[in-house]
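# Structural features, examined
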Amino acid sequence: MKENKKNIVIIGFMGCGKTTLGKKLSVKLGYEFIDTDKLIEDCSGFTIPELFEQKGEPYFRRLELETVRKISKNQRCVISTGGGIIKNPLNMDLLSHNGIIVYLEATPEHIYRNVGNDKNRPLLQTDDKMETIRRLMEERKHLYEKYAHLTVDLTGGIVNVITDRIALALEEKMR
Ligand code: S3P
């Protein structure tokens, strides 16, 4: 597979801005945009919180893998993923076979600012959200790092500037 036919796959912790940035990047590159959580919601007819509450996390993870199986066959798409996609190595095998993996790295404080009050992240509905963010990030950080072809530090950056920076780095890679 030629580099310039590959998908661009955005990974990173919940609430780091994968969807916002992914959409902007897709416009900039002229690629189709896909969001795995949105696709899971559309296909199942349930929202993410409903899936976790009524069917449980393992069921959600199975739908996530099914979705990855489908979309990883695409070409030239920007794919924003759910923060837990890296938990299943099969997901990452499929996605990286035909994709460049971009990791958006953010601090726990950054995440807390973005989703501290959000009711749509079932895993963050705990008494001490900051502690939960820190613990999950500790568990997952090495996985994001392991799968990333490109890591982007989000600290203090403006979305448009970061998007431009990623597009430039990708163009270098795809040349
Ligand atoms: C999850 C992240 C969510 C969503 C689900 C589980 C996770 O996506 O897939 O709530 O395990 O980190 P975002 O990363 O878009 O919040």
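Up top you'll find the structure we're talking about.
Cut-offs applied
Residues numbered from 1 in each chain as written. Predicted model: local features only at pLDDT ≥ 70, side-chain atom pairs only at ≥ 80, totals over all residues. Heavy atoms only, no water. Pairing = 2+ DSSP bridges. Helix = DSSP H or I, 4+ residues; strand = E, 2+ residues; numbered from the N terminus. Axes fitted to C-alpha atoms, helices over the stretch in contact; angles between N-to-C directions. Contact = heavy atoms within 4.5 Å. Salt bridge = Lys/Arg side-chain N within 4 Å of Asp/Glu carboxyl O. Buried < 20%, exposed > 50% of the residue type's maximum accessible area, 1.4 Å probe, protein only.

The next point concerns the sheet that holds strand S4 (residues 99-105). With respect to topology, 5 strands assemble into an open sheet ordered S2-S3-S1-S4-S5, the strand pairing being parallel. In this open sheet, the two strands that pair with only one neighbour each are strand S2 (32-35) and strand S5 (150-153). Taking each pair of neighbouring strands and ignoring which way they run, the sheet shows an average axis angle of 20 degrees. Sheet topology note: the strand S1 (residues 7-11)/S4 ladder contains 5 bridges and is parallel. Bridge pairing in S4 links Ile 11 to Tyr 103. Across the sheet, helix H7 (residues 129-147) touches S1 and S4, and the angle it forms with S4 is around 140 degrees.

A separate point is the pattern of salt bridges. In total, this model carries 10 salt bridges according to the counting rule given. One salt bridge in this structure joins Arg 61 and Glu 57, with 2.9 Å as the shortest N-O distance. In this pair, Arg 61 and Glu 57 are both assigned in helix H4 (residues 57-71), 4 residues apart and thus about one turn of the helix distant. Residue class for Arg 61 comes out buried when judged on its relative accessible area of 17%. Residue classification places Glu 57 among the partly exposed residues on the basis of a relative accessible area of 23%. Within this structure, Glu 57, Arg 61, Glu 64 and Lys 87 form a network of salt bridges that share partners.

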